[in-house]
Amino acid sequence: MHSRKFAFLFLAFTSLIGWALPNNSVFESDKVLSPDNAKKLFFRIESTNFVKNNEYFNKYSDGYTLLGFMVRPKFVFFPSENTKLEAGVHILKYSGQNTQAQATPILSFSFGVTPELQMVLGTLNGALDHGMIEQMYRIENHFENNLENGVQFLYSSPRFRSDLWVNWEKFIFQGDPFKEEFTFGWVNQLNVSSPNSLFQVSAPLHFFGAHRGGQIDSSGENLETRGNMLTGLTVAMQPQEGLLKKAGLNAFYLVYNDLSPALSHPYRAGHAYYANAFAQLGDFQLDFGYWRAHQYLAPRGEAIFQSASQTSDFTNPEREMLVAKLGFTHNIYDDISFSARFEPYYDLRESKLDYSTAIYLVFNRSFFLKQL
């Protein structure tokens, strides 16, 4: 009981510094289609050095340290006002490994169907670009499985934003001894209030699924389709001046469903609630939240929130946690950003405290080469 009180006071103290989910916009890709870039050729570098240390001692996920770098050098050509072609290579290297870096070619074509709607074929604007919360999509996916390839539709207007995509993860030929695999998602945000108003009200609707199947393999494995849905409400205040950049409240409801013919995981369905208060004070982003789940699983979500272990057969249908996050993101120089994070998680039912720390250095810059 004393440990629960101590953890609660600790998290409450963290939240008093301010309250926002650490800003993942530092990792976002360049989606710009500008008429000014027509017929221009650029060389672009996108790189991230990362250190993420998970001090986890729970029954749901193991603690470990992930450190290394990924870099994406590429040529970017704008054939016309509403098209963009990108070609390059994605390089990933984990520190402390004697193996060579992983190098994967990338090729992406973007077409502005209308000023608001963009279609992407090939390498997608994926991973953290989709804007899902960690209960649906863990941040480590950005460093471990960053590359997404398939088709994507992006829509953006002052009142509505949408991201619809299919990411083909494993392709099969006739007789292959494994299933084909792909993920798919549809992330939407409806802005209820006027974009220029002091108080912003928005409603998210997110879908994410993972599928293993196919008809031409010889694996004999069961077909599997699992996924999550999120809906809720966000109320935020965004002052025009002063230290406080943004503050507000989120209230989310999440659903898990397993649509597979034969069940391979502990639960067929589940749900969860997540409420948090957040704020951005200068370069600091802070967050304090409450998580309550019943039989909740997520194919790509952070394991610490789920109702079954990712490393053993242990299950616990009821989960209840307090979550605090403190982030610092500073623009060191043009296109160079430094980010540091501290994120404690307290399990209210098991009186157990886990935490993670992280440091990121991001460099994204385009160099003009030639007008063609």
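Rules of the game
- Residues numbered from 1 in each chain as written.
- Predicted model: local features only at pLDDT ≥ 70, side-chain atom pairs only at ≥ 80, totals over all residues.
- Heavy atoms only, no water.
- Helix = DSSP H or I, 4+ residues; strand = E, 2+ residues; numbered from the N terminus.
- Rg over C-alpha atoms; globule rule 2.2 N^0.38 Å.
- Buried < 20%, exposed > 50% of the residue type's maximum accessible area, 1.4 Å probe, protein only.
- Salt bridge = Lys/Arg side-chain N within 4 Å of Asp/Glu carboxyl O.
- Polar contact = N/O pair within 3.5 Å; in protein donor to acceptor, adjacent residues only side chain to side chain.
- Contact = heavy atoms within 4.5 Å.
- Core = buried A, V, L, I, M, F, W, Y, C linked by side-chain atoms within 4.5 Å.
- Pairing = 2+ DSSP bridges.
- pLDDT = per-residue confidence, 0-100.

Before going further, it helps to examine the overall build of the protein chain. Per the secondary structure count, the protein chain includes two helices and 16 strands. Over its C-alpha atoms the protein chain spans a radius of gyration of 21 Å, differing by no more than 12% from the 21 Å that the globule rule assigns to 372 residues. Within the protein chain, buried positions represent 45% of all 372 residues.

All chains considered together, the criterion is met by 17 salt bridges. For Glu169, the salt bridge goes to Arg300, with nearest N and O atoms at 2.9 Å. Pair noted here: Glu169 is in strand β7 (residues 160-170) and Arg300 is in the loop between β13 (284-294) and β14 (318-333), with a separation of 131 residues, a long-range link. Judged by its relative accessible area of 39%, Glu169 is partly exposed. The closest approach of N and O atoms between Lys325 and Glu343, which form a salt bridge, is 3.2 Å.

For the rest of this paragraph, the subject is the side chain of Asn250. Along the polypeptide, Asn250 turns up in strand β11 (residues 244-258). Owing to a relative accessible area of 9%, Asn250 belongs among the buried residues under this scheme. Separated by 2.5 Å, the side chains of Asn250 and Thr234 make a polar contact. Non-local contacts of Asn250, meaning those with residues more than four positions away in its chain, are made with Leu233, Thr234, Tyr274, Ala275, Asn276 and Phe278.

Phe143, Leu254, Trp291 and Tyr296 are the most contacted members of the largest nonpolar core, which totals 42 residues. Those elements giving two or more residues to this core turn out to be β1 (40-57), β2 (62-80), β3 (83-94), β11, β12 (269-281), β13, β14 and β16 (352-371). Residue contacts for Phe143: discarding those within four places in its chain leaves Phe27, Thr48, Phe50, Leu66, Met70, Leu92, Tyr94 and Tyr360. Listed in part, the five residues of the second largest apolar core include Phe288, Leu322, Ala324 and Leu348.

Our focus in this paragraph is the pairing of β11. In the sheet, strand β10 (residues 224-237) pairs with β11 via twelve bridges, with the strands oriented antiparallel. Of the residues in β11, the one forming a bridge with Met229 is Val255. Connecting β10 to the antiparallel partner β11 that follows it, the hairpin turn spans six residues, and Gly242 within it adopts a positive phi of roughly 100°. As paired strands, β11 and β12 are joined by 13 bridges and run antiparallel to one another. If you follow Asn257 over to β12, its bridge partner there is Ala269.

Before going further, it helps to examine the environment of Leu244. Relative to the helices and strands, Leu244 is located in strand β11. Measuring from C-alpha to C-alpha, the distance between Leu244 and Ala279 comes to 7.5 Å, with 35 residues separating the pair along the chain. What Leu244 contacts, discounting residues up to four positions off in sequence, is Met237, Pro239, Ala279, Gln280 and Leu281.

In the predicted model, the protein chain carries a mean pLDDT of 89, and the fraction of residues at 70 or more is 93%. Here residues 1-22 scores under 50 on pLDDT; set against residues more than four positions off or in separate chains, the count is 48 contacts.

A few words on the environment of Glu144. Examined against the element boundaries, Glu144 turns out to sit in helix α2 (residues 141-144). Sequence spacing of Glu144 and Leu66 is 78 residues, and the spatial spacing of their C-alpha atoms is 9.2 Å. Excluding anything up to four places from it in sequence, Glu144 contacts Tyr64, Leu66, Leu92, Tyr94 and Arg138. Separated by 3.2 Å, the side chains of Glu144 and Tyr64 make a polar contact. Within the local environment of Glu144, its side chain forms a polar contact with the side chain of Arg138, the two groups lying 3.2 Å apart.

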